Amino acid sequence: MSQNVNPTADPTKMGLGRSIAVLTSGGDAQGMNAAVRATVRVGLYTGAKVYFVHEGYQGLVDGGDNIRPATWESVSMMLQLGGTVIGSARCKDFREREGRMKAALNLVKLGITNLCVIGGDGSLTGANQFRTEWSGLLVDLVKAGRITDAEAKKSSHLNIVGMVGSIDNDFCGTDMTIGTDSALHRIIEVVDAITTTAQSHQRTFILEVMGRHCGYLALVTALACGADWVFIPEMPPDEGWENHLCRRLTDQRARGSRLNVIIVAEGAMSREGKPITSEQIKKLVTDRLGFDTRTTTLGHVQRGGTPSAFDRILGSRMGVEAVMALLEATPDTPACVVSLSGNQAVRLPLMECVQVVRPNIFQPAVFIICRSFENNWNTYKLLAHINPPDVKSNINVAVMNIGAPCAGMNAAVRAAVRMGLIQGHNMLAVHDGFDGLAHGQVEPITWTAVSGWTGKGGSMLGTKRTLPAKILEEISQNIAKFNIHALVIIGGFEAYVGGLELVQAREKYEEMCIPMVVIPATVSNNVPGSDFSIGADTALNTITATCDRIKQSAAGTKRRVFIVETMGGYCGYLATMAGLAAGADAAYIFEDKFNIKDLEVNVEHLVAKMKTTVKRGLILRNENSNSNYTTDFIFNLYSEEGKGIFDCRKNVLGHMQQGGTPTPFDRNFGTKMGAKSVLWLTEKLKECYRHGRIFANTPDSACVLGMRKRALTFQPLAELKGDTDFEHRIPKTEWWLKIRPIMKILAKYNIKLDTSEHTDMEHVIKKRSPLGK
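Conventions adopted
Residues numbered from 1 in each chain as written. Predicted model: local features only at pLDDT ≥ 70, side-chain atom pairs only at ≥ 80, totals over all residues. Heavy atoms only, no water. Helix = DSSP H or I, 4+ residues; strand = E, 2+ residues; numbered from the N terminus. Rg over C-alpha atoms; globule rule 2.2 N^0.38 Å. Buried < 20%, exposed > 50% of the residue type's maximum accessible area, 1.4 Å probe, protein only. Pairing = 2+ DSSP bridges. Axes fitted to C-alpha atoms, helices over the stretch in contact; angles between N-to-C directions. UniProt positions renumbered as here; feature names shortened; annotations may be inferred. Contact = heavy atoms within 4.5 Å. Salt bridge = Lys/Arg side-chain N within 4 Å of Asp/Glu carboxyl O. Phe/Tyr/Trp six-rings, centres within 6.5 Å; stacked < 30°, edge-to-face > 60°. Lys NZ or Arg CZ within 6 Å of the ring centre and 35° of its normal. Parallel < 35°, antiparallel > 145°, perpendicular 65-115°, else oblique. Left-handed = near helix turned anticlockwise from the far one by under 90°. Nonpolar A, V, L, I, M, F, W, Y, C, P; charged D, E, K, R; others polar. Expected span 1.5 Å × (residues − 1). Polar contact = N/O pair within 3.5 Å; in protein donor to acceptor, adjacent residues only side chain to side chain. Arc of directions from axis to C-beta.

- Looking at an unreviewed UniProt entry, one finds the chain named ATP-dependent 6-phosphofructokinase and attributed to Seriola dumerili.

### Re the overall build of the chain
Next, step 1: Each helix and strand in the chain was counted, giving 23 helices and 29 strands.
Next, step 2: The C-alpha radius of gyration computed for the chain amounts to 27 Å, which stays within 12% of the reference 28 Å derived for 773 residues, consistent with globular compactness.
Next, step 3: The principal-axis extents of the C-alpha atoms in the chain amount to approximately 90 × 70 × 45 Å.
Next, step 4: Of all 773 residues assigned to the chain, the portion counted as buried reaches 61%.

### Considerations on the sheet that holds strand β10 (residues 336-341)
Next, step 1: The mixed open sheet is built from seven strands, whose spatial order is β3-β2-β1-β4-β5-β10-β11. What marks the edges here is a single partner per strand, and that holds for β3 (67-69) and β11 (344-349). Ignoring which end each strand starts from, the neighbouring axes of this sheet average 25° apart.
Next, step 2: Here β10 pairs with β11 via six bridges, running antiparallel. Note on β11: the bridge partner recorded for Leu340 is Ala345.

### Details of the UniProt feature "active site" (unreviewed entry) in the chain
Next, step 1: Listed under "active site" (unreviewed entry) in the UniProt record, and renumbered for this structure, are Asp168.
Next, step 2: In contact with Asp168, not counting residues within four places along its chain, are Thr180, Met210, Gly211, Cys214, Tyr216 and Leu217.

### With respect to the sheet that holds strand β6 (residues 204-209)
Within a beta sheet, neighbouring strands are joined by backbone hydrogen bonds and run either parallel or antiparallel to one another.
Next, step 1: Pairing is parallel in the open sheet, where four strands are placed in the order β7-β8-β6-β9. On the outer flanks of this sheet lie β7 (229-231) and β9 (293-297), each paired with one strand and no other. Going from strand to strand, the sheet's axes swing by 15° on average, the running direction of each strand aside.
Next, step 2: The pairing of β7 with strand β8 (residues 260-265) spans three bridges and is classified as parallel. Within β8, the residue paired with Val230 across the bridge is Ile263.

### Focus: the environment of Val75
Next, step 1: Tracing the backbone shows Val75 in the loop between β3 and α3 (97-110).
Next, step 2: Separated by 582 residues in the primary sequence, Val75 and Gln657 place their C-alpha atoms 28 Å from one another.
Next, step 3: Not counting residues up to four positions away in its chain, the partners in contact with Val75 are Arg37, Val40, Arg41 and Phe52.

### Brief notes about the pattern of salt bridges
Next, step 1: Applying the stated criterion across every chain, the model contains 31 salt bridges.
Next, step 2: Its salt-bridge partner being Asp10, residue Lys13 comes within 3.3 Å of it at the nearest N-O pair.
Next, step 3: Taking the relative accessible area as the measure of exposure, Asp10 reaches 24% and is therefore partly exposed.
Next, step 4: Put simply, Arg97, Arg100, Glu133 and Asp140 are held in one network by salt bridges that share partners.

### Some words on the packing of aromatic side chains
Next, step 1: Summed over all chains, the structure comprises 18 aromatic pairs.
Next, step 2: Their ring planes at 40° and their centres at 5.2 Å tell us that Tyr629 and Phe633 sit as a pair that is tilted.
Next, step 3: Classification of Phe633 as partly exposed rests on a relative accessible area of 32%.
Next, step 4: Members of the aromatic cluster, joined through ring pairs, are Tyr57, Phe94, Phe130 and Trp134.
Next, step 5: A cation over an aromatic ring shows up here: Arg253 above the ring of Phe291, its NZ or CZ 4.3 Å from the ring centre.
Next, step 6: Here the basic side chain of Lys593 rests over the ring of Phe590, its NZ or CZ set 3.4 Å away from the ring centre.

### Here's the deal with the pairing of strand β5 (residues 159-164)
Next, step 1: Counted residue by residue, β5 has six buried out of six residues, so it is predominantly covered.
Next, step 2: Residue alternation in β5 divides its side chains into two sets, Asn159, Val161 and Met163 and Ile160, Gly162 and Val164, and both sets are buried.
Next, step 3: Pairing between strand β4 (residues 114-119) and β5: six bridges, direction parallel. Looking across to β5, one finds that Gly119 is bridged to Val164.
Next, step 4: Bridge analysis of β5 against β10 gives three bridges, and the strand direction is parallel. Looking at β10, one finds that Gly162 is bridged to Val337.

### Side note on the packing of helix α19 (residues 596-609) against helix α20 (residues 631-641)
Next, step 1: Running from N to C, α19 and α20 point in directions that differ by 45°, and their axes come no closer than 11 Å. Taken together, the axes of α19 and α20 lie oblique to each other. Where α19 crosses over α20, the two elements pack in a sense that is right-handed. Taken together, the residues of α20 that come into contact with α19 (itself represented by Ile596, Leu599, Asn602, Val603 and Leu606) are Phe633, Ile634, Leu637, Tyr638 and Glu641.
Next, step 2: Per-class residue counts for the contact of α19 with α20 are eight nonpolar, one polar and one charged.

### Here we look at helix α1 (residues 32-45)
Next, step 1: With 14 residues, α1 ought to run about 20 Å at 1.5 Å a step, and its terminal C-alpha atoms sit 20 Å apart, in line with that.
Next, step 2: Burial within α1 is extensive, with 13 of its 14 residues counted as buried.
Next, step 3: Gly47 lies just past α1 and shows a positive phi near 95°.

### Here's the deal with the environment of Arg312
Next, step 1: Structurally, Arg312 is set in helix α10 (residues 309-328).
Next, step 2: Given a relative accessible area of 1%, Arg312 falls into the buried group.
Next, step 3: Distance in space between the C-alpha atoms of Arg312 and Leu580 is 7.8 Å, their sequence separation being 268 residues.
Next, step 4: With near-sequence residues (within four places) excluded, Arg312 lies in contact with Ala34, Leu79, Gln80, Thr306, Pro307, Thr544, Asp548, Ala581 and Ala582.
Next, step 5: Within the structure, the side chain of Arg312 is placed 3.3 Å from the backbone oxygen of Ala581, a separation counted as a polar contact.

### Section: the side chain of Thr682
Next, step 1: Among the secondary structure elements, Thr682 is positioned in helix α21 (residues 664-688).
Next, step 2: Assessed through its relative accessible area of 8%, Thr682 is described here as buried.
Next, step 3: A distance of 2.8 Å separates a polar side-chain atom of Thr682 from the backbone oxygen of Val678.
Next, step 4: Those residues within four positions of Thr682 in sequence are excluded, and the remaining contacts are Gln423 and His425.

### Section: α20
Next, step 1: Of the positions making up α20, those classed as buried are Thr631, Ile634, Phe635, Leu637 and Tyr638. Projected down its long axis, α20 carries its buried residues within an arc of 165°, all on one side.
Next, step 2: Along its buried surface, α20 packs onto β19 (560-566), β20 (586-588), α19, β21 (616-622) and β22 (647-652).

### Brief notes about unusual backbone geometry
Next, step 1: Not every positive phi belongs to a glycine, and Glu55 is a case in point at roughly 65°.
Next, step 2: Within the secondary structure, Glu55 sits in the loop between β2 (49-53) and α2 (56-62).
Next, step 3: Given a relative accessible area of 35%, Glu55 falls into the partly exposed group.
Next, step 4: For Met77, which is not glycine, the phi torsion reads 65° and is therefore positive.
Next, step 5: The residue Met77 is located in the loop between β3 and α3 in this model.
Next, step 6: Judged by its relative accessible area of 24%, Met77 is partly exposed.

Below you can see the structure in the form of structure tokens.
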């Protein structure tokens, strides 16, 4: 959240006497509507007047009915819609000073001095130019007699805040732009469909995705589906790539693969600057190898469809931060862009972001690249080597799944296995968790054995909840029997507790003195040491999609309230985030205590809502939020209190939240976590090698690999004990609790938004690092 210039000020009065306009410009992107909705509702919450600008900058120039007041109800049912409801257009008029003068006139006449622009770098550059010229435009308007001196004085300063909406993720300074995650969802859906037909016929498929100047979509797709090759503008292939590509495809077929997948960004080019097209690649593969080859160009399907849960949450959080940035701005505050860094919303100087040009790596220039792009590229490069070294390390690394299954586990296993083989290690698969380790269900696992695992849900290795405490003797014997030198434990809270028990057993069992790493993988997102767990994003999208259908049903029936129970144990992450993504009226969770008075307030809120045009309600309840206020109790209470006003339905989602194919985020996250864990273990093994054997008994030789704010970090299991509520199986500190108020404000509850948490205006150069450092 943002820092209020006056922390004691009432946030519901920050916007009194002020007006905010919101527009979407340039290419559309899924999630823009979530940003518009949040901007409108938070603007109204602060007491400001809020206006829609329809058809982007063209609407700003044309004025009239294109600039209309926005109401709370006018942004209802927007969250799940793709594109932009208020329209977008390319505008030649705004590029000319006369057009910008018309736009300024329209804003001055309506008293609008705060403009929120959602678009790409071109749209945001135009916004900054408009702000820079503002004083001069007002002078010219006064001279022309089109506005009075009093009107010019009242509108003497224009505040601009931008949000980046672009499926290409090509804006410097932010980890993700609005629309990128949804575009990846569309692409991965196609990749999964293509994979089945390609395997049936032993085909090679070449998939062309958007990305004229930025290869982010292509790169993440390649990483998420384990593509054989990827062509992107930033990384032109070396000379002689044709031979290298053909050799790699041949090797894959020789290893037993029935298909090949090649991903091409539309802007891919050679080192000579010549385009590399999908048709050119198809001709190469067909002529040289004789493979049955097909090409698919996705085109605008990548821009379409329902926004993902991530994009809805991102758009909502950015909208809140944008309004706060506008209302806190002074005449000396530079125009800023609201962006995402890790799980934090940050503000960056708009023009600093726009002016950072991303040169290609092969050019003799200081190369600066977005951190997420760099991490993805480095991981893909490592995993693309399909020939393990001839010299073996004689190290045996075991991989296992613990706890409930979740989507993305298999991607982590695949990456860990292949990275281990690349390092020269022997990789061992442990089936059925600690039970399997105790009973000797351990076997070597090869490169081809994990082919295609990134897109498979559940756990291919098998997983159980059994903890090791009661079977330590058997586990230690099998660690010795199979000569296991390091352990990768992928799972939820049981994996974390199991790792702790193995560490504690080091005093008694010397066999446990090996490096080990725990990778959080659970839909509950409740493992200490990580802001995100593999599998939570897939579960969140499942819940959000279900809530969309439920809201549609409620909207059609009118005066209906749905109560939906989500998984998560005692952790309210899924209920909270799904509530924000689906536009819920309330989300009951264990961490945020509630009582009968709170339930009464929620009922009164729904009764009032039924008097508006939005005659429906959605309530989420985390399964263990309260032992007395059960889903049935809340359903009965709402049914009784809503008699004659609304009726109720309930839905317990259950294990469908654990199933399905992994989302692009979980595939990508699992792949990076699996690869990084083995690289870390390799270094630890070198440190722990003493007198011809491995001996690891220091706290930092057994860690949780987690995402913390902006980076993947390794934290000793022993050190995380202090931040763990073992009784309720949750961390004591949970970052996402800070954004719960946003959901309540967007649902029109009369609560106070904490604006005291500090967010400095950051600088792009500080947020970026040279490749390889």
